[in-house]
Amino acid sequence: MPEDGVLENVNNMYFDVLKEIGNIGAGNATTAMANMVNTKLDMQVPQVLLMSVEELPKAIGKEEDLIVGIYLEVEADIEGSMMFLLDMHSARFFVDKLMGTDQKDNFNFTEIELSALKEIGNIIAASYLSALASLTNMMITPSIPYICIDMTAAILSVPATEFGMYGDNALLIESKFGDDFDLNGYFILMPNVDSYDKILKSLGIVS
């Protein structure tokens, strides 16, 4: 890791790269989801934040709100954890579009619908990791996804334990997409310390 005297500059450069990854990844994810559900999706410029793990629940919304959390581990050249979060209305929209149903405010997802959400999570995760892999020239793959529906605080308490093993900060990318409807998703990436170094070196930020 760099010395303290240059750490701030390194972090600023790293954050600029993360923002670019966020922009590319969000664009890739929007295109992939639009093709998946055969619906036109317009993406707003994503908001990219680097913050402490403890701040994540408040940044995402009310801690007591129910959300869908899709959790994966990152493997191959770098290791860590990642999660994609959807509010319930966005999750229902994608499931209905994917399965040709019209359940609207029915948030009691069946096993088949949960499997569909996992597939959506897989595609979104692959979109972001592809952006990171392209910029770093590394092989990065997601594990089999795990899915959970619970309150925001409860869902984030589990990866927070995992993230705590990897470092103090997480990358949060908030994506809004839709046309005549509003869809919200949050992507969280937390590489471990060794992987953080690998990313910096591959980008030429540190030697």
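Just so it is clear, the model here is predicted, and its values are computed rather than measured. (Residues numbered from 1 in each chain as written. Predicted model: local features only at pLDDT ≥ 70, side-chain atom pairs only at ≥ 80, totals over all residues. Heavy atoms only, no water.)

**What to know about the overall build of the protein chain**
Part 1 of the reasoning: Within the protein chain one finds six helices and eight strands.
Part 2 of the reasoning: Within the protein chain, buried positions represent 47% of all 207 residues.
Part 3 of the reasoning: Taking all contacts inside the protein chain whose residues are at least 6 apart in sequence as the whole, residues at least 24 apart take part in 71%.
Part 4 of the reasoning: Surface summary for the protein chain: the accessible area is close to 10200 Å², and the carbon and sulfur share equals 50%. (Helix = DSSP H or I, 4+ residues; strand = E, 2+ residues; numbered from the N terminus. Buried < 20%, exposed > 50% of the residue type's maximum accessible area, 1.4 Å probe, protein only. Contact = heavy atoms within 4.5 Å. Areas by Shrake-Rupley, 256 points an atom, 1.4 Å probe, with all protein chains shown as cover.)

**Some points on the confidence of the model for the protein chain**
Part 1 of the reasoning: Chain-level pLDDT for the protein chain is 76 on average; 83% of the residues reach the 70-or-more range.
Part 2 of the reasoning: In the model of the protein chain, helix H5 (residues 152-166) stands out as the element of lowest mean pLDDT, 65, in contrast to strand E6 (residues 146-151), which has the highest, 87.
Part 3 of the reasoning: Segment residues 1-7 is flagged for pLDDT under 50; beyond a separation of four residues in sequence, or across chains, it makes five contacts in the model. (pLDDT = per-residue confidence, 0-100.)

**Remarks on the pattern of salt bridges**
Part 1 of the reasoning: All told, the structure shown has two salt bridges when counted by the stated rule.
Part 2 of the reasoning: One continuous salt-bridge network, built from bridges that share partners, spans Arg92, Asp96 and Glu113. (Salt bridge = Lys/Arg side-chain N within 4 Å of Asp/Glu carboxyl O.)

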